[in-house]
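As a plain string of letters, each chain reads:
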Amino acid sequence: MQLLRLGNIGEERPAVRTDDGRLFDLSSLTSDTGGDINGAFLANDGIGRVRAAVTDGGLPALDDPGDGSALRIGAPIARPTAVLCIGQNYAAHAAESGSPPPDTPILFFKHPNTVVGPYDDVRIPRVAEKTDWEVELGVVIGKRVRYLDSPEQALDHVAGYVVSNDVSERAFQQEQSGGQWSKGKCAETFNPLGPWLVPADEVTPGKLGLRSYVNGDVRQDSTTTDMIFDVAYLIWHLSQYLVLEPGDLLNTGTPQGVALSGRFPYLQVGDVMELEIDGLGRQRQRLVEA
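Please read these numbers as outputs of a predicted model, since none were measured by experiment.

### Some words on the sheet that holds strand E17 (residues 249-251)
Pairing is mixed in the open sheet, where six strands are placed in the order E6-E5-E17-E10-E11-E14. Each end of this open sheet is capped by a strand with a single partner; those strands are strand E6 (106-110) and strand E14 (198-199). As paired strands, strand E5 (residues 83-87) and E6 are joined by five bridges and run antiparallel to one another. Pairing of Gly-87 across the sheet is with Ile-106, part of E6. Relative to the sheet, helix H6 (residues 231-239) contacts E5, E6, strand E10 (135-141), strand E11 (158-165) and E17, its axis offset from that of E10 by approximately 55 degrees.

### Focus on the packing of aromatic side chains
To describe a pair of aromatic rings, one takes the distance between the centres and the angle between the planes. Tallied over the full model, the rule gives four aromatic pairs. Ring geometry for Trp-133 and Phe-264: centres 6.3 Å apart, planes at 55 degrees, overall tilted. One end of the pair, Trp-133, is in the loop between strand E9 (131-132) and E10; the other, Phe-264, is in the loop between E17 and strand E18 (272-277), with 131 residues separating them in the sequence. Taken individually, Trp-133 and Phe-264 each receive the classification buried, so the pair is uniform in this respect. Pairwise contacts between aromatic rings join Phe-229, Tyr-233 and Trp-236 into one cluster.

### Points about the pairing of strand E1 (residues 2-6)
With five of its five residues buried, E1 lies for the most part within the structure. Along E1, one buried face is formed by Gln-2, Leu-4 and Leu-6 and the opposite face, lined by Leu-3 and Arg-5, is buried too. The turn linking E1 back onto strand E2 (residues 13-17) is made up of six residues, and Gly-7 within it adopts a positive phi angle of 130 degrees.

### Considering H6
Most of H6 is tucked away: seven of the nine residues are buried. Of all the residues in H6, the buried ones are Val-231, Ala-232, Leu-234, Ile-235, His-237, Leu-238 and Ser-239. Considering only its buried residues, H6 is in contact with E5, E6, E10, E11 and E17.

### A few points about the pattern of salt bridges
All told, the structure shown has 22 salt bridges when counted by the stated rule. Note that Arg-22 and Asp-20 form a salt bridge whose closest N and O atoms lie 2.9 Å from each other. Overall, Asp-20 belongs to the exposed group, its relative accessible area being 54%. For Arg-211, the salt bridge identified is with Asp-278, shortest N-O distance 2.5 Å. One end of the pair, Arg-211, is in strand E15 (residues 209-214); the other, Asp-278, is in the loop between E18 and strand E19 (281-289), with 67 residues separating them in the sequence. A residue is classified by how much of its surface remains accessible, and Arg-211, at 17% relative accessible area, is buried. Connected through salt bridges with shared partners, the residues Lys-110, Asp-132, Glu-134, Asp-166, Arg-170 and Lys-185 form a single ionic network.

Rules used throughout
- Residues numbered from 1 in each chain as written.
- Predicted model: local features only at pLDDT ≥ 70, side-chain atom pairs only at ≥ 80, totals over all residues.
- Heavy atoms only, no water.
- Pairing = 2+ DSSP bridges.
- Helix = DSSP H or I, 4+ residues; strand = E, 2+ residues; numbered from the N terminus.
- Contact = heavy atoms within 4.5 Å.
- Axes fitted to C-alpha atoms, helices over the stretch in contact; angles between N-to-C directions.
- Phe/Tyr/Trp six-rings, centres within 6.5 Å; stacked < 30°, edge-to-face > 60°.
- Buried < 20%, exposed > 50% of the residue type's maximum accessible area, 1.4 Å probe, protein only.
- Salt bridge = Lys/Arg side-chain N within 4 Å of Asp/Glu carboxyl O.

In structure tokens:
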């Protein structure tokens, strides 16, 4: 099944689409957690309660097919409390960046307000020079994570997986900030997310194909098998340094094929990005002026 949020910005309502394409309103299940798919909902066995309600047949049906034809599709989780990102986590991407593979995960942060819907426009900052795309496997935390004993405990704390676009302004990231990565990552709209959240037990995170396109041309085409640090290791590692809360988003790194490599031009106003991950859906954004 797929959890999603439908409606205009600020007016999204939670929904679920079943494997046979039926769409149901989840408002009755989120009323006690702020009326949305958020950390409180996920921590309160939200996904399990959705499954039970679908099986029982007690949810009201929605007419919109969930493809944006009738209602806008928003980010599948309400504004996360934190967006944590891992840099250079694919061997081939580290190589194209001119760096050796890291021996420990590289962590940076994005502002939570960068998260937008999967089909929303992306705004190029006014003084941007090198705006770049990055298809990433996004991990949504479902249980509080603190000082895990081993990576084997980690995946039990994952609510689900999602397509994430870690849009980056490389001039801000590398040339204008003295290497402060987050300055190149936090512009408004710089994290399209979705179109939906797939529960963790329906996904094998280490065996997913992921691709990106610009104006219809392939840019990235890789698999999560090229990750240097897998999802379980990343969550365990981070838990030794910080506490992950339900609803947090973890972007796990991007594969080779970004503009930073020098193989492709950077993004311009009017360009169209498309990103997809096997089983997690496809998103599309148009680049506009900020």
